[in-house]
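Letter by letter, the chains look like this.
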Amino acid sequence: MKTVSVKTGRPYEILIEHGILDNAGEYIRPLTKAIRAVIISDTNVSPIYSDRVKNSLEKSGFETSVFVFEAGESSKRLSTIEKMYTHLFENNITRTDIIIALGGGVTGDMAGFAAATYLRGIDFVQIPTSLLAQVDSSVGGKTAVDLPTGKNLVGAFWQPILVLIDSDTLNTLPEKFFKDGLGEVVKYGCIRSKSLFERLENENAKDFIDDIIYECVSIKRDVVERDERDTGERAILNFGHTLGHALEKLNDYTNLTHGEAVSAGSAIITRISESHGLTAIGTAQRIENLLEKYDLPTNSEFPLSDIINATRGDKKSTGKSIKFVFLKEIGECFVQKIDTADFGEFFGV
Ligand SMILES: NC(=O)c1ccc[n+]([C@@H]2O[C@H](COP(=O)([O-])OP(=O)(O)OC[C@H]3O[C@@H](n4cnc5c(N)ncnc54)[C@H](O)[C@@H]3O)[C@@H](O)[C@H]2O)c1
Ligand SMILES: [Zn+2]
């Protein structure tokens, strides 16, 4: 088993092991006085994995129930949270009981938000089953739901008490979502790990997926420990995301997945920063080659002027300027604010 300790305000461990789903109860039991555990999962994941987690929890003495919602980002909203609250109430969940998030990032973000807010906060455990959730969203304590006006606009910082990662679950993850998660994996290589980037170049990601998860989670842990509330260093995790979010918006959040948008965003921003001499020559080409190897996009059919315009409403925007993450070279990044007044000059649009 691989273990990563996260020393946030409320510290917790991330345990990475094949088959750990069947031992969930054993690892959770010593951490809580909970009598009841509610598994929150979606309509794709629950039929495959809920029973295994439920059996394990019951073996460890928990009374269990399962709340299932319709899979997909469109469920990530307050009306689903309200249904969760009703389930929690009807199952007599008290402040000392526990929620188990079993699924992808949508499940983790929502179950975490419900845990952060129900009875002013109860404990929760993350059992991420998508690659994106295993390398990114299950770690760091950001929980949220979408509003009709934008993604992740309502949320809370709420750390889990434990994260259990079983990469065997990726065997049932549709290829499209695996690829989506790889977009974020490439991001970690770009910002903090030349060695990860090189392994992704030289080997096939699926052949060393456990190492990938461990490396990405460790990078995220390091960043989150130093900046739990996202007021500084955590911004580097946004590499490729400012343009990526703009691309998602331009595509009306359909056609292009988040990972694809981030991939294209990473390549575009690096071509630009390289042209300004901010990034070592050849870096953009290397990123393009790697993204192409994993069938991820490196560009968009939208003109750059549209993409840049669409960044203006970005959450990371202060109104007058936007923070961009640039690479110095593969594995090394920095954050720079660009005044919106200088956009024309900087982006050449
Ligand atoms: N909290 C954070 O820090 C953070 C970071 C990045 C992304 N996110 C959020 O994560 C969400 C995206 O996560 P996601 O891509 O995991 O979405 P998701 O939860 O919708 O999962 C993707 C799809 O895969 C299915 N699935 C998941 N695991 C499976 C498995 N093992 N077998 C079969 N099917 C499986 C799901 O049912 C869904 O259809 C977004 O809402 C995003 O905002 C949060
Ligand atoms: Zn992302």
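Since this is a predicted model, take the numbers as computed values, not measurements.

Colleague: Requested: an account of the sheet that holds strand β6 (residues 123–128), with residues and values cited.
Modeller: Here we have seven strands laid out as an open sheet, ordered β1-β2-β9-β6-β5-β3-β4, and mixed in their pairing. Each having just a single partner strand, β1 (2–6) and β4 (63–69) make up the two edges of the open sheet. On average, each strand axis in the sheet is inclined to that of its neighbour by 15°, with strand direction left out of account. Where helix α2 (residues 45–59) meets the sheet, it contacts β3 (36–42), β4, β5 (98–103) and β6, and its direction lies at approximately 165° from that of β3. Here helix α8 (residues 209–226) sits on the sheet in contact with β1, β2 (12–16) and β9 (162–165), set at roughly 10° to β1.

Colleague: Describe the site of ligand 1, naming the residues involved and giving the relevant values.
Modeller: In the neighbourhood of ligand 1, 29 residues make up the surrounding shell, with Asn 44, Gly 104, Gly 105, Ser 130 and Ser 137 lying closest. Listing elements by their share of the shell around ligand 1, those giving two or more residues are α2, α4 (105–117), α5 (131–137), β8 (150–157) and α6 (175–192). Across the shell around ligand 1, the residue classes break down as eight nonpolar, 13 polar and eight charged.

Colleague: Please provide a residue-by-residue account of the domain arrangement of the chain, values included.
Modeller: The assigned domain composition of the chain is domain 1 (2–172) and domain 2 (175–347). Taken together, the contact pairs 21 residues of domain 1 with 22 residues of domain 2. Secondary-structure elements contributing two or more residues to the side of domain 1 that touches domain 2 are β1, β2 and α5. Looking at the side of domain 1 that touches domain 2, the element that brings in the most residues is α5, giving five residues.

How each quantity is defined
Residues numbered from 1 in each chain as written. Chains lettered and ligands numbered in written order. Predicted model: local features only at pLDDT ≥ 70, side-chain atom pairs only at ≥ 80, totals over all residues. Pairing = 2+ DSSP bridges. Helix = DSSP H or I, 4+ residues; strand = E, 2+ residues; numbered from the N terminus. Axes fitted to C-alpha atoms, helices over the stretch in contact; angles between N-to-C directions. Contact = placed C-beta atoms within 7 Å. Near = placed C-beta within 6 Å. Nonpolar A, V, L, I, M, F, W, Y, C, P; charged D, E, K, R; others polar. Domains from an automatic or database assignment.

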